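# Breakdown of the fold
The primary structure of each chain is shown beneath.
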Amino acid sequence: MDLAIVAGRANPGLAAAVARRLRVELGTLTVEQFPDGELGVIVGVLRGADVYVIQSTGPPVHDHLAELALLADAVRRSGAARITGVIPYLAYARQDRREQEGQGIGARIIADFIGALFDRVVTVDLHTSAVEGFFGCPVEQLSAVPLLAAHIGSSVAEHVVVAPDLGAVKRAERYARALGLGTAVVRKRRLSGREVEATAVDGDVRDRPVVVVDDMISTGATIEAAVRVLRGAGALQATVVATHGLLVPPADERLAALGLTAIVVTDTVPPPSTRGALTVVSVADLLADAVGRLHRDEPLAELVRQA
Ligand code: R5P
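The following refers to the structure shown. (Residues numbered from 1 in each chain as written. Predicted model: local features only at pLDDT ≥ 70, side-chain atom pairs only at ≥ 80, totals over all residues. Heavy atoms only, no water.)

## Quick word on the nonpolar core
Generally speaking, a soluble globular protein has its nonpolar side chains buried in company with each other. In plain terms, the rule: Among buried residues, those of type Ala, Val, Leu, Ile, Met, Phe, Trp, Tyr and Cys that are joined through side-chain atoms within 4.5 Å constitute a nonpolar core. Throughout this description, buried means an accessible area under 20% of the type-specific maximum (1.4 Å probe, protein chains only), exposed means over 50%, and partly exposed covers the range between. The helix and strand labels rest on DSSP assignments: H or I over at least four residues marks a helix, E over at least two residues marks a strand, and numbering proceeds from the N terminus. Throughout, a contact is declared for two residues whenever any of their heavy atoms are within 4.5 Å.
Formed by 45 residues in total, the largest nonpolar core has its most connected members in V18, L142, V161, Y175, L179, V241 and L287. Residue contributions to this core peak at seven residues, all from helix α8 (residues 284-295). Setting aside residues no more than four positions away along its own chain, L287 makes contact with L14, V18, V86, P88, V124 and L142. Formed by 33 residues, the second largest nonpolar core is a distinct cluster that contains V43, L71, A72 and L90.

Structure representation (structure tokens):
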């Protein structure tokens, strides 16, 4: 089976970088938007190919999801032998349980939707690893944590690694192990989609620099609340590291007001124009390595998320 890569329009820079590393030409794609907003997708002939469809599902989430579905269908009808969805950022993964009666579970319905399109899915740092089990098809969860930990490396010696909420504790422990640092946890309560409240810090951060680690920064509410409560507890300078830098408004203003030493994210969603303390670490090598191994039916080994 020949290897083929087709990419949607969500993150063209990342898709091109993955294709370059694999020395494969990106497959042709024509997308037409009809006057009523519907999309029409045409791909080249892919008969008998092992096809990797790269499309992140960051904002605008539903446009990118619709394009992903149309793309997968076009690839299948074009004769592909095997289709893998490479979805560096998977939207809706945060909705992994019901918090009140009457609520739906977004992650479950998106898993059904995406699982029906592909033979296999590759993604990076799911909000929670349990979401893998929502899918009916195999899911390979890659992790950008080793990459990000290596990037911040010596710049965070003497820091305390902080989980900005209880859900981030395992992730913080993985960073802490990689960096040889201790951990602390912020107690957070979400008030709405844009507002959270941090009430206390478990762990000693007094007179210590901190590195706050999370899976994603969306509106910046979690980071803002965490950094403020950490400062209240006596922490010194703060660095923030997250895999998915969605940075939707008002994240810019919130983060800028915090006077952070550094903000480090990856390019699972297109990096925003360079601003202040923001650094973007590319996951192109990670994805290319994973696609190459999957194509050759080799184990993913250290590329896959560890507990
Ligand atoms: C929540 O559990 C997630 O891990 C993130 O902390 C959160 O979704 C980030 O969103 P925001 O930046 O809007 O607080």
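## Brief notes about the sheet that holds strand β11 (residues 210-217)
Formally: At least two DSSP bridges between two strands are needed for those strands to be called paired. Helix axes are fitted to C-alpha atoms over the stretch in contact, other axes to C-alpha atoms as well, and angles between N-to-C directions run from 0 to 180 degrees.
Within the open sheet, the seven strands sit side by side as β10-β9-β8-β11-β12-β13-β14. Their pairing is mixed. Edge positions in the sheet fall to β10 (196-202) and β14 (278-281), since each has one partner strand and no second. Neighbour-to-neighbour, the strand axes of the sheet open up by a mean angle of 25°, direction not taken into account. Against the sheet, helix α4 (residues 145-152) engages β11, β12 (238-245), β13 (262-266) and β14, with an angle of about 150° to β13. Lying over the sheet, helix α5 (residues 169-179) contacts β8 (160-163), β9 (182-190), β11 and β12, oriented at roughly 165° with respect to β8.

## Section: helix α6 (residues 221-232)
To be explicit about the condition: The span you would expect from a helix comes to 1.5 Å times its residue count less one.
Taking 1.5 Å as the rise per residue, α6 with twelve residues should run 16 Å; its terminal C-alpha atoms sit 17 Å apart, in good agreement. Burial of α6 is extensive: nine of the twelve residues sit out of reach of the surface. Every buried residue of α6 is listed here: A221, T222, I223, E224, A225, A226, V227, V229 and L230. Those residues of α6 hidden inside the fold are in contact with β8, β9, β10, β11, β12 and α7 (251-256).

## Considerations on unusual backbone geometry
Put simply, P59 and P60 share a cis peptide bond, and its omega is -5°. Of note, the amide linkage connecting P249 to P250 takes the cis form, showing an omega dihedral of 5°. As for its position among the elements, P250 is in the loop between β12 and α7. We note that R23 has phi near 55°; this positive angle belongs to a residue other than glycine. Unlike most non-glycine residues, L247 shows phi in positive territory, near 45°. Looking at L247, the relative accessible area reads 9%, which means it is buried.

## Comments concerning the pairing of β8
Residues V160 and V162 of β8 are buried on one face, and the alternating residues V161 and A163, pointing to the opposite face, are buried as well. Pairing of β8 with β11 involves three bridges; the strand directions are parallel. Bridge pairing in β11 links V160 to V210. Summarising the sheet, β8 and β9 pair through four bridges and their orientation is parallel.

Shape is all these values report; function is a separate question.
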